[in-house]
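Spelled out from the first residue to the last, the chains are:
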Amino acid sequence: MKKTNETKSNPRLTALIVTLKDASRVHEANIWREIAKRLDAPRKNYAEVNLSKIDRYANEGETILVPGKVLGSGALSLPVKIAALDFSEAAVSKITGANGTCMTIEDLVRDNPTGSRVRILR
């Protein structure tokens, strides 16, 4: 049986995982450790969340964290901040059309180092 590569080859992803672990230690925020663990898993296990699911579970003005990709299926009727590893083009246009904000996980860690009032969606 062929042994798979043990490390990630994407430098942005490896730097993000290190940043999340550091933020977890420094600010005693377990949310960043959990997100780092999810991003350290195989890529096929990453979350792929549609806007319809975000619209169903989010409240107005809330911050949503997706450890994976946000897809543009469905409609978004609430202005929410969404942080994710990646966004589809349709998702970005629909989020900004609903007066929401798209941000990277790195931006969220910088803006909210304690991770308070963040909802994780898978």
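In this text, all values refer to a predicted model and were calculated from it rather than measured experimentally. (Residues numbered from 1 in each chain as written. Predicted model: local features only at pLDDT ≥ 70, side-chain atom pairs only at ≥ 80, totals over all residues. Heavy atoms only, no water.)

Participant: Could you give me a rundown of the overall build of the protein, with the residues and numbers involved?
Facilitator: Secondary structure assignment for the protein yields five helices and five strands. Shown N-terminal to C-terminal, the secondary structure of the protein runs as helices and strands in the order α-α-β-α-β-β-α-β-α-β. Over its C-alpha trace the protein gives a radius of gyration of 15 Å, about what one expects of a compact globule, namely 14 Å for 122 residues. Structurally, the protein occupies a C-alpha span of about 45 × 35 × 20 Å along its principal axes. Burial analysis of the protein (122 residues in total) assigns 39% to the buried set. Across the protein, the fraction of contacts at a sequence separation of at least 24, relative to all contacts at a separation of at least 6, is 41%. Here the protein displays about 7,300 Å² of accessible surface, and carbon together with sulfur accounts for 48% of that area. Side chains of the protein carry 20 positive and 14 negative charges; the gap between the two charge centres is 6 Å. (Helix = DSSP H or I, 4+ residues; strand = E, 2+ residues; numbered from the N terminus. Rg over C-alpha atoms; globule rule 2.2 N^0.38 Å. Buried < 20%, exposed > 50% of the residue type's maximum accessible area, 1.4 Å probe, protein only. Contact = heavy atoms within 4.5 Å. Areas by Shrake-Rupley, 256 points an atom, 1.4 Å probe, with all protein chains shown as cover. Lys, Arg positive; Asp, Glu negative; His and termini not counted. Charge placed at Lys NZ, Arg CZ, Asp CG, Glu CD.)

Participant: Before we move on, could you go through the confidence of the model for the protein and cite the residues and values that matter?
Facilitator: When pLDDT is low, close inspection of the predicted coordinates is not appropriate. Across the protein, the average pLDDT comes to 94, with 95% of residues at or above 70. Strand 3 (residues 81–87) holds the highest mean pLDDT among the elements of the protein, 98, whereas strand 5 (residues 118–120) holds the lowest, 96. (pLDDT = per-residue confidence, 0-100.)

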